[in-house]
Each structure stands twice: as C-alpha cells, then as structure tokens.
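Per-entry structural report
Residues per chain, in single letters:
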Amino acid sequence: MKFIDIDNEATVSPGEYVLHVPTKSIVLCGAFIREENMMKVLGQGSYFTDSIDKFKKIEVNKKHISPTLYARCKGCGA
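All of these numbers come straight from a predicted model, not from anything done at the bench.

The subject of this paragraph is the side chain of Ser25. Looking at the secondary structure, you find Ser25 in strand β3 (residues 25–33). The exposure class assigned to Ser25 is buried, which follows from its relative accessible area of 13%. Within the structure, Ser25 has its side chain in polar contact with the side chain of Gln44 (distance 3.5 Å). When sequence neighbours within four positions are dropped, the list of residues in contact with Ser25 reads Val18, Leu19, His20 and Gln44.

To continue, consider the sheet that holds strand β6 (residues 55–59). Sheet architecture is open: six strands sit in the order β1-β6-β2-β3-β4-β5, paired in antiparallel fashion. Of all the strands in the sheet, just β1 (2–5) and β5 (46–51) have a single pairing partner and so form its edges. Within this sheet the neighbouring strands show an average axis-to-axis angle of 45°, counted without direction.

Another aspect to go through is the pattern of salt bridges. Under the definition given, this model contains three salt bridges. Measuring nitrogen to oxygen at the nearest pair gives 3.6 Å for the salt bridge that ties Asp50 to Lys54. Relative accessible area serves as the criterion here: at 34%, Lys54 is assigned to the partly exposed category.

Across soluble globular proteins, nonpolar side chains have a tendency to be buried as a group. In terms of nonpolar packing, the biggest core is built from eleven residues, these being Ile6, Ala10, Val12, Val18, Val27, Cys29, Phe32, Met39, Val41, Ile52 and Phe55. Elements with a contribution of two residues or more to this core: β3 and β4 (38–43). No other element matches the three residues that β3 contributes to this core.

About the thresholds
Residues numbered from 1 in each chain as written. Predicted model: local features only at pLDDT ≥ 70, side-chain atom pairs only at ≥ 80, totals over all residues. Heavy atoms only, no water. Helix = DSSP H or I, 4+ residues; strand = E, 2+ residues; numbered from the N terminus. Buried < 20%, exposed > 50% of the residue type's maximum accessible area, 1.4 Å probe, protein only. Polar contact = N/O pair within 3.5 Å; in protein donor to acceptor, adjacent residues only side chain to side chain. Contact = heavy atoms within 4.5 Å. Pairing = 2+ DSSP bridges. Axes fitted to C-alpha atoms, helices over the stretch in contact; angles between N-to-C directions. Salt bridge = Lys/Arg side-chain N within 4 Å of Asp/Glu carboxyl O. Core = buried A, V, L, I, M, F, W, Y, C linked by side-chain atoms within 4.5 Å.

Remember, this is a structural readout, not a statement about activity or role.
Have a look at this one:
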C-alpha cells in the first residue's frame, strides 16, 4: 500500500477510503469539496470535516488485490 498526496489534479470519490494523517486512521470519504478545501469523512464512529491537505489517497498495487473467483450453481450438476 502506498499513500499519495492529494494535489490539484487528483480527486477523491465519495465512498473511497483515504488516510487521515493527524489521527493516522483510514476513513471513508463522504464528500470532496475542492472549492472550500474541505473533505467530509466518516471515521472512528463519527462524521467530521477537515482540510484536504490532511488526507492522503491510498494506492493499492495489483498484487495486493485478490482475484475474484466465480463459481457456478451446483444444484443441477450442469
């Protein structure tokens, strides 16, 4: 896992997990408002806001993502 600074080109989508640097915890993004330099996030059991520079994006390498295995229904045996 790698943490990336959120610069002017980067955006964060609602529902994406980010790192809150002051508390060193991973939180869920609820709103990303660049004009107000603010992010609303859900973390540690509460909903709070903080400035964008106090967050970092989480970059996950492909080797960290486990492959999804699909299984067929075994009810009819086909």
